[in-house]
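# What the coordinates show
Chain by chain, the residues run as shown.
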Amino acid sequence: MAYNYGIIGAGRQGIAAAYDLIKHGNPDKVYLFDFDENNLEKSRDIITNLTSYRNLIPVKINLEEPAGLLDFMFDLDGVLSAAPYKYNYELTKLAIETRTHFVDLGGNTAVSQKQLELDTHAIASDITVIPDCGMDPGLNISLIQYILESFTDVTCIKSYGAGLTQFPKPPWNFELTFNINGLTNEYNGEALFIRHGELVKVKALTEDEIIEFPDSLGDLDAAVTTGGLSTLPYELEGKIDTLENKTLRYPGHWCVFRAFSDLGLFNENEVQIDNRKIVPRDVFHHLLEEKITNYDIRDIGILRIFAKGIRNGEKIKLDLELIDYYDEDINFTAMQRLTGWHASIMLLFAVQGNTASGAMPVHKAVAGKKVLDEIRKRGIKVSEYYEVL
C-alpha cells in the first residue's frame, strides 16, 4: 500500500526525514512545506538527486496561519513536523481534525504535555500523535525503553547525548547542528530527573562531570540540560531510583555558556536600554549564530546510556553506546540522521497501523526493541556492553 506524507519544515532534519520516508515508507506523494521558496527548491533538488523520487511536492506555507494546511492534510496519511515547537500544539489539532497521523521534533516539554492532553480527541479520530521525536529527546527515550524491556528490574539509568563537530576550533569548540533556539532552550531553566525514586528539578548548566570515550574523542564534559527526557520522568516516578540526562560537550564549553546565562542573555523578556526595548536572547542569537554556524559541518552524534538492574536473576550493568558520524555518501550530518530518522521511523509505525490510537509519548508508542531494530537497519551501530556486578 502506498501512502501520502507531509513534512513541515524543509531544513536539515526535514530533508533527512523526507529521504527516509521515500526510502522506507512506500510513498505515493510527499509534500514538503516551508515558508521559504528558495529553501523548498533547494531541499527538493537535494532529495530528488539522492533518491530519484519524482513526486516530491514543495508547498509554501505560513505557519502563523496554520489553517492553510487543512486542504493538504485531508490528503495525507501522516505528517511530520520539523517546525519550531511553538507551532506543534495547533498542528496537532489540525491533525486530529483531518484524521492524519502526526509526529514532531518537539523541543519543549510543556508543549508536549499539552499535546498529550488531546489523547481522547486523537482516539476519536483514530490517529496516533507522538510528540518529542528526534535524537535527544526521542531516540534516547526509545533506547531507555529498550533497556526497561530487557531488564526484570531497573534501578538506575543515566543518559548522555551530544551533537559535536569533528574538528573543534577555539574559542567556541562547538558548531550548530540544529536551530539555535533549540540550543538556548536546552540551556535554560530546569531539568526534571528522578533521584531516590522522586521527581526533582535540577538547574540547567550545572553538575559537570567527565565521561570517558575512546582516544579519537577523548574525555567529554557533561552537564545538565533541559527537556532531554521529555515526559518520561513522570512515568517512571516511584518505579526507578535514578533517572538523569545530560549533554556532552568538549571541555570548557559549559564555563563559557554559564557566563552567558549569568549575564541574562538567555532571557526572553524585554529589557529597557535608553529609549529602546530589546529581548536579550534575540541579541544573543544574532551575535552568536554566525560564529558557530558552519554550512559544511562534519559532525558526530553520540548517545551513551548507563543502566543498572536485574536481568535473568543477576545484577547487571549495561553501557549502551551509539557514536555516529557525518555520512559522506549522502552528505547528511549525524544529527540529521539521528533526529530526522527517529521521527520518520515513528511516523512509519503509525501510518502502517502498528501503533495504538491516541496521543502518546515516544516510550509508549513503539517498543524500544522495534525502534532499535529499525535504527540498525539504517546502518547506525548501537553497541551493548554488559557486566555482571
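Structure: above.
Model, not experiment: these values are computed from the prediction.

Glancing now at the packing of aromatic side chains. Scanning the model with the defined rule gives 14 aromatic pairs in all. Pairing Tyr31 with Phe33 gives two aromatic rings, centres 5.9 Å apart and planes at 5°, and the pair type is stacked. Classification of Phe33 as buried rests on a relative accessible area of 1%. Chaining the aromatic ring pairs together yields one cluster made of Trp172, Tyr187, Trp254, Phe257, Phe260, Phe266 and Phe284. Its guanidinium or amino end placed over the ring of Tyr89, Lys114 lies 4.1 Å from that ring's centre, counting from NZ or CZ. The lysine or arginine in question, Arg298, covers the ring of Tyr326, its NZ or CZ lying 4.1 Å from the ring centre.

This brings us to the pairing of strand E7 (residues 153–165). Within E7, 10 of the 13 residues are buried, which leaves it mostly tucked inside the rest of the structure. Note that E7 and strand E15 (residues 299–311) share 12 bridges and pair antiparallel. Each residue of the ladder has a partner; that of Ser159, found in E15, is Ile305. Relative to strand E12 (residues 242–249), E7 is paired through six bridges, and the arrangement is parallel. If you follow Tyr160 over to E12, its bridge partner there is Lys246.

Attention now goes to the packing of helix H12 (residues 334–351) against helix H14 (residues 368–377). Contact geometry for H12 and H14: axes closest at 11 Å, N-to-C directions at 120°. With respect to their mutual orientation, H12 and H14 come out oblique. In terms of crossing hand, the pair formed by H12 and H14 is right-handed. Contact with H12, carried on its side by His342, Ile345, Met346 and Phe349, involves Lys370, Val371, Glu374 and Ile375 of H14 and no other residues of that element.

With 70 residues, the main nonpolar core has Ile147, Ile157, Leu243 and Met346 as its most contacted residues. If one sorts the elements of this core by residue count, H12 sits on top with 10 residues. Once you skip the residues sitting within four places of it in the chain, Leu243 turns out to touch Ile144, Ile157, Phe193, Ile194, Leu229, Leu232, Pro233 and Leu236. Of all hydrophobic cores here, the second largest spans 25 residues; its members include Phe102, Leu116, Val129 and Ala359.

Turning our attention to the sheet that holds strand E1 (residues 3–8). An order of E3-E2-E1-E4-E5-E6-E17 is seen for the seven strands of this open sheet, with the pairing classed as parallel. On the outer flanks of this sheet lie strand E3 (56–60) and strand E17 (358–359), each paired with one strand and no other. Judged from the six bridges that link them, E1 and strand E2 (residues 27–34) form a sheet pairing that is parallel. When the bridges of E2 are listed, Ile8 appears paired with Phe33. Packed onto the sheet, helix H1 (residues 12–24) meets E1, E2 and strand E4 (78–81) and runs at close to 170° relative to E1. Strands in contact with helix H2 (residues 37–51) are E2 and E3; relative to E3, the strand with the most contacts, it is inclined by about 170°.

The rules behind the values
In this convention, every chain numbers its residues from 1, walking through the sequence in written order. In keeping with the predicted nature of the model, local features appear solely for residues at pLDDT of at least 70, side-chain atom pairs appear and are counted solely at 80 or more, and the whole-chain, interface and lining totals rest on all residues. The basis for the side-chain values is all heavy atoms of the structure; hydrogens and waters are excluded. Only rings of Phe, Tyr and Trp enter the pairing, Trp through its six-membered ring, and a pair is recorded when the two centres are within 6.5 Å. The plane angle decides the type: under 30 degrees is stacked, over 60 is edge-to-face, the rest tilted. Exposure is judged per residue with a 1.4 Å probe applied to protein chains only, and the accessible area is read against the type maximum: over 50% gives exposed, under 20% gives buried, and values in between give partly exposed. In this analysis the charged atom, NZ for Lys or CZ for Arg, is taken to sit over a ring once it is within 6 Å of the ring centre and within 35 degrees of the ring normal. Strands here are runs of E lasting at least two residues and helices are runs of H or I lasting at least four, both read from the DSSP assignment and numbered beginning at the N terminus. At least two DSSP bridges between two strands are needed for those strands to be called paired. Note on method: axes are straight lines fitted to C-alpha atoms, helices fitted across the in-contact stretch only, with angles between N-to-C directions ranging 0 to 180 degrees. Any angle between 65 and 115 degrees counts as roughly perpendicular, while under 35 counts as roughly parallel, over 145 as roughly antiparallel, and the rest as oblique. With the far helix as reference, a near helix turned anticlockwise by less than a right angle produces a left-handed crossing, and one turned clockwise produces a right-handed crossing. Whether two residues are in contact is decided by their heavy atoms, any of which lying within 4.5 Å being enough. Only buried residues count toward a nonpolar core, which is a set of Ala, Val, Leu, Ile, Met, Phe, Trp, Tyr and Cys residues joined through side-chain atoms within 4.5 Å.

None of the figures reported here should be taken as evidence of function without further support.
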